[in-house]
Protein chains: 2
Amino acid sequence: MAIQKPTLPKGTRDFGPLQMARRNYIFDIIKDTFKLFGYQQLETPSMENLSTLTGKYGDEGDQLLFKILNSGDYLKDVTAADLEAGASATLSKVSEKGLRYDLTVPFARYVVMNRNEISYPFKRFQIQPVWRADRPQRGRYREFYQCDADVVGTDSLVCELEILLMIKRVFAQLGLKDYAIKINNRKILTGLAEVIGSAGRESDLCVAIDKLDKIGWEKVQEELVQREFSSDAISNLNPIIDLKGSNAEKLEFLSSFLASSETGLKGVEELREVFDLIEQYGDTEDFIDFDVVLARGLSYYTGAIFEVKVNNVSIGSVSGGGRYDNLTGVFGLEGVSGVGFSFGVDRIYDVLEELDLFPSDQLKGTQVLITYFDEEGKKYGLKVLNQLRSNEIPAELYPDISKIKKQFTYADKKQIPFVIVIGSEEIEKSEVSLKNLITGNQKAMSLKQAIEEVKKGV
Amino acid sequence: MAIQKPTLPKGTRDFGPLQMARRNYIFDIIKDTFKLFGYQQLETPSMENLSTLTGKYGDEGDQLLFKILNSGDYLKDVTAADLEAGASATLSKVSEKGLRYDLTVPFARYVVMNRNEISYPFKRFQIQPVWRADRPQRGRYREFYQCDADVVGTDSLVCELEILLMIKRVFAQLGLKDYAIKINNRKILTGLAEVIGSAGRESDLCVAIDKLDKIGWEKVQEELVQREFSSDAISNLNPIIDLKGSNAEKLEFLSSFLASSETGLKGVEELREVFDLIEQYGDTEDFIDFDVVLARGLSYYTGAIFEVKVNNVSIGSVSGGGRYDNLTGVFGLEGVSGVGFSFGVDRIYDVLEELDLFPSDQLKGTQVLITYFDEEGKKYGLKVLNQLRSNEIPAELYPDISKIKKQFTYADKKQIPFVIVIGSEEIEKSEVSLKNLITGNQKAMSLKQAIEEVKKGV
């Protein structure tokens, strides 16, 4: 039998050493930031009961769940009549579990199951893969990581402040300068619907104006007409679409534009407080872009909403989130409000690659390779190896007696910055020759000196 | 409709903040060690094609694979006749993918797919969850992490040396002192089978003597009889079962006992070289226990085999591995030899818990909680917060104006060692009151002083 070459499932990827080093570079910056702000890590199982997952992501989401076949004789309850009825009718008979689709529903499930042990406000972060049976395409995978931070159990707008500060810190650490953190408030959108005479229709309004960036105001108006907004309502929106100025000026305008909407004014008030908090913290709100038409699709947001876009790259949004009033209601626990957001690591990776922002010493692996010519050199090298590692210097001894060129090639491919060469002369003098592969300099010295050189870095 | 309380799938677990901190403590020590020894990280997808997974773990393993239902109308190819034929006959029609069962097969698949890009020797480590549809019981889960390190592309016994050193380092860092690293060599077992007159039957021999620890020599003899070993063969084993002495003495004995087996002597020679390498490295082999009857089940080992047991705890083996001649043969790529091993993190966790070896400051999260009484205190607190974080001190401001007792309870539950209290007096004097929750001391001081105190630690 011919052996088939193995392949990867569609939409999944291996991460080799270089990709892992780069991904860890991103993860570490995000994790350090979450921790600096007092968020604690949570991990939930990859599998959840389908009863936990289904109905939470809309019909399309249910379709995109990866379901796990029951163990053993999974077909035992399926009848010929079931076959006629089709796949969805029999699903509950062959599958009880599915793979995590996002980190929010498992978090809500965790809060409900552990509500008495958790001390509130509960600030948690979670960095784990999720799975979606989406059609794979560039930048869209069937397995990808989400990095979420949420705080539940408080309405304090200090949390909104902290999210903005965390995004700012992560981007600063990543060296990303040209980006915009957009902020809006769902209550403002509710207010807009009210004052243009379409009270209660903010969802439809959001769906349409969410496309403003992509299709322009003319097309959005057509869509609003299709969605049966009156021409008065649509023309009432004009000043909003044209709204320019500083954040303070926009808030000022809205306090009068939304004067007849209590909810709208509440939204304005909340946003103003967030800007005040930024100032009290000692920062300035000029890294925030108040965008009155930022809508974000998810209907469970009830307060602030955020979105982060990197400018001048092919990939747009790399982070987003918002405040919700009722995270755990679907599981029967009412009144757990909170605010959260998510970093899209795969997208940040692509952005850093496009902008060439990964550090050049990214592999940061082995610092020294010990090379040698013969059995004696190997013996001597083992002692050298021991000393290097005792000094916490990542080091390797080339494992086989090989041509020195082959050993150097190994160092080169692994981006190892220093090579120690051990010949008979070095052994005789109880020295080592240390070669810096970046500068090309090579010098004989005591091992102690070599360790100091390596610690100084390249 | 009553909402059902959510539950977790059988055999899976959430890891809350304390468990995560403890798990990360273990992962970090293992990762640092792998890196110190020049291993590079790899991650593979959670899903693999079933064609990659099946047939690699024996019939029982195939049963324990979690299979993923094909997307869309997964039943479209299933006929009524298929239903009669049963689950295994239709499997290929409803499922094409499965969840990773271990890290070895995905690694082999990776090596085959990337064989031209990899520079050998390739030292990789991989820390990811695996899934097995096993019956859950104490210490056995359906989702658990494996931590593997393998080096492929070299026969050098320096790799065996390094594995022993890595295990030693990890255990030292974890504070685990009372443990035994057992080592043997499959070639010695092959030799044993030869010299007792049962050439070629080392697999059966291994299965039986593997149980020596558990059931004793008498019962093992019974099993050998059942497995049709002759009484001569069995009695020939006696000196091996009784073998005592230092590693060197055992090797000495075996060089004569196995004198008629070329393979056996090769095994002795390899082990001797490993011990020599340890000495050349500047260590002593007294942390290694040469165990002639260590067998390990997996049949693909061809050289050294290892197993690590922690003494005086309920859980035994926490790590194991060995050398193999042909990792990738199942995928049509011959001659990729290597050696690897795996840490059982869940078991190490249980051992550390049983022995109370987790560090007491394990949460190592927020260092300072800022508490206050009123709006003015909150404003002042925000500036303090900014200063703390600018000094890279993980800090939080209690988000709501609440009773001071509630704020302290929050600090307490989160194991936050310092609390800053901000009252009107502190604001007036431009100071803060810093309370050390471990010692109970509280003192007013400048923020600069407080930052120094916190940096000094508790």
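Since the model is a prediction, treat every value here as computed from it, not as a measurement.

Thoughts on the overall build of chain A
- Of regular secondary structure, chain A possesses 19 helices and 16 strands.
- Over its C-alpha trace chain A gives a radius of gyration of 29 Å, far above what one expects of a compact globule, namely 23 Å for 458 residues.
- Expressed along its principal axes, the backbone C-alpha trace of chain A runs to roughly 95 × 65 × 50 Å.
- The proportion of buried residues among the 458 residues of chain A is 57%.
- In chain A, 57 side chains carry a positive charge and 69 a negative one; their mean positions are 7 Å apart.

Structural notes on helix α7 (residues 158–174) of chain A
Residue and element names in this part refer to chain A.
- Counted at 1.5 Å a residue, the expected span for α7 with its 17 residues is 24 Å, and the 24 Å between its end C-alpha atoms agrees.
- The buried fraction of α7 is high, at 14 of 17 residues.
- At the exit of α7 stands glycine 175, carrying a positive phi of roughly 80°.

Some thoughts on helix α6 (residues 104–113) of chain B
- Taking burial as the measure, the 10 residues of α6(B) include nine buried ones, the bulk of the element.
- Within α6(B), the full set of buried residues consists of B:Thr104, B:Val105, B:Pro106, B:Phe107, B:Ala108, B:Arg109, B:Tyr110, B:Val111 and B:Val112.
- Residues of α6(B) that are buried sit in contact with α1 (17–36) of chain A together with β2 (47–49), α2 (50–53), β5 (122–131), β6 (143–152) and β10 (317–324) of chain B.

As for the UniProt feature "binding site: L-histidine" (unreviewed entry) in chain A
Residue and element names in this part refer to chain A.
- Those places that UniProt annotates as "binding site: L-histidine" (unreviewed entry) correspond, in this numbering, to Asp102, Leu103, Thr104, Arg132, Gln146, Asp150, Arg296, Tyr300 and Tyr301.
- Residue placement: aspartate 102 occurs in the loop between β4 (95–99) and α6 (104–113).
- Only 2.6 Å separates the side chain of aspartate 102 from the side chain of tyrosine 57, close enough to count as a polar contact.
- Turning to its location among the elements, tyrosine 301 is positioned in strand β9 (residues 301–310).
- Tyrosine 301 has contacts with Arg186, Arg296, Gly321, Gly322, Arg323 and Tyr324, leaving out every residue within four places of it along the chain.

A short note on the interface of chain B and chain A
- On the chain A side, the residues contacting the 105 residues of chain B number 105 residues.
- Taking both partners together, chain B and chain A bury about 8800 Å²; carbon and sulfur atoms supply 59% of that area.
- Linking chain B with chain A are eight salt bridges.
- A salt bridge links A:Arg169 to B:Glu392; the shortest N-O distance between them is 2.8 Å.
- Across the chain B-chain A interface, the total number found is 34 residue pairs in polar contact (both at pLDDT 80 or more).
- For the side of chain B that touches chain A, the element with the most residues is helix α16 (residues 375–390) of chain B, which contributes seven residues.
- Among the residues making up the side of chain B that touches chain A, the classes are represented as 50 nonpolar, 27 polar and 28 charged.

A closer look at the sheet that holds strand β16 (residues 442–445) of chain A
All names here are of chain A.
- Overall, mixed pairing links the five strands, which are arranged β13-β12-β14-β15-β16 in an open sheet. Edge positions in the sheet fall to β13 (395–397) and β16, since each has one partner strand and no second. Across the sheet, the axes of successive neighbouring strands diverge by a mean angle of 25°, strand direction being ignored.
- Summarising the sheet, strand β12 (residues 368–372) and β13 pair through three bridges and their orientation is parallel. Within β13, the position partnered with leucine 369 by the bridge is glutamate 396.

A closer look at the packing of α1(A) against α7(A)
All names here are of chain A.
- At a minimum axis distance of 10 Å, the contact between α1 and α7 shows a crossing angle of 145°. For the pair α1 and α7, the crossing hand works out as right-handed. Of α7, the residues touching α1 (which contributes Tyr25, Ile26, Ile29, Ile30, Asp32, Thr33, Phe34 and Leu36) are Met166, Arg169, Val170, Gln173 and Leu174.

With respect to the packing of helix α8 (residues 186–195) of chain A against helix α14 (residues 262–281) of chain A
Residue and element names in this part refer to chain A.
- Interaxial distance between α8 and α14 falls to 7 Å at its minimum, and their mutual angle equals 150°. As summarised for this structure, α8 and α14 are arranged roughly antiparallel, according to the angle between their axes. Crossing angle aside, the handedness with which α8 passes α14 is left-handed. Seen from α8, the contacting residues are Lys187, Ile188, Thr190, Gly191 and Glu194; seen from α14, they are Glu262, Thr263, Gly264, Lys266, Gly267, Val268, Glu270 and Leu271.

Some details on the sheet that holds strand β12 (residues 368–372) of chain B
Residue and element names in this part refer to chain B.
- Strand order in this open sheet of five strands is β13-β12-β14-β15-β16, and the pairing throughout is mixed. The open sheet terminates on both sides in strands that have one partner only, identified here as β13 (395–397) and β16 (442–445). The average undirected angle you get between the axes of adjacent strands in this sheet is 25°.
- In this structure, strand β15 (residues 432–436) lies alongside β16, joined through four bridges in antiparallel fashion. By the bridge assignment for β16, leucine 434 is matched with lysine 443.
- Its contacts with the sheet put helix α17 (residues 404–413) on β12, β13, β14 (418–422) and β15, and the angle it makes with β12 is roughly 175°.

The rules behind the values
Residues numbered from 1 in each chain as written. Chains lettered and ligands numbered in written order. Predicted model: local features only at pLDDT ≥ 70, side-chain atom pairs only at ≥ 80, totals over all residues. Heavy atoms only, no water. Helix = DSSP H or I, 4+ residues; strand = E, 2+ residues; numbered from the N terminus. Rg over C-alpha atoms; globule rule 2.2 N^0.38 Å. Buried < 20%, exposed > 50% of the residue type's maximum accessible area, 1.4 Å probe, protein only. Lys, Arg positive; Asp, Glu negative; His and termini not counted. Charge placed at Lys NZ, Arg CZ, Asp CG, Glu CD. Expected span 1.5 Å × (residues − 1). Contact = heavy atoms within 4.5 Å. UniProt positions renumbered as here; feature names shortened; annotations may be inferred. Polar contact = N/O pair within 3.5 Å; in protein donor to acceptor, adjacent residues only side chain to side chain. Buried area = accessible area lost by both parts, 1.4 Å probe. Salt bridge = Lys/Arg side-chain N within 4 Å of Asp/Glu carboxyl O. Nonpolar A, V, L, I, M, F, W, Y, C, P; charged D, E, K, R; others polar. Pairing = 2+ DSSP bridges. Axes fitted to C-alpha atoms, helices over the stretch in contact; angles between N-to-C directions. Left-handed = near helix turned anticlockwise from the far one by under 90°. Parallel < 35°, antiparallel > 145°, perpendicular 65-115°, else oblique.

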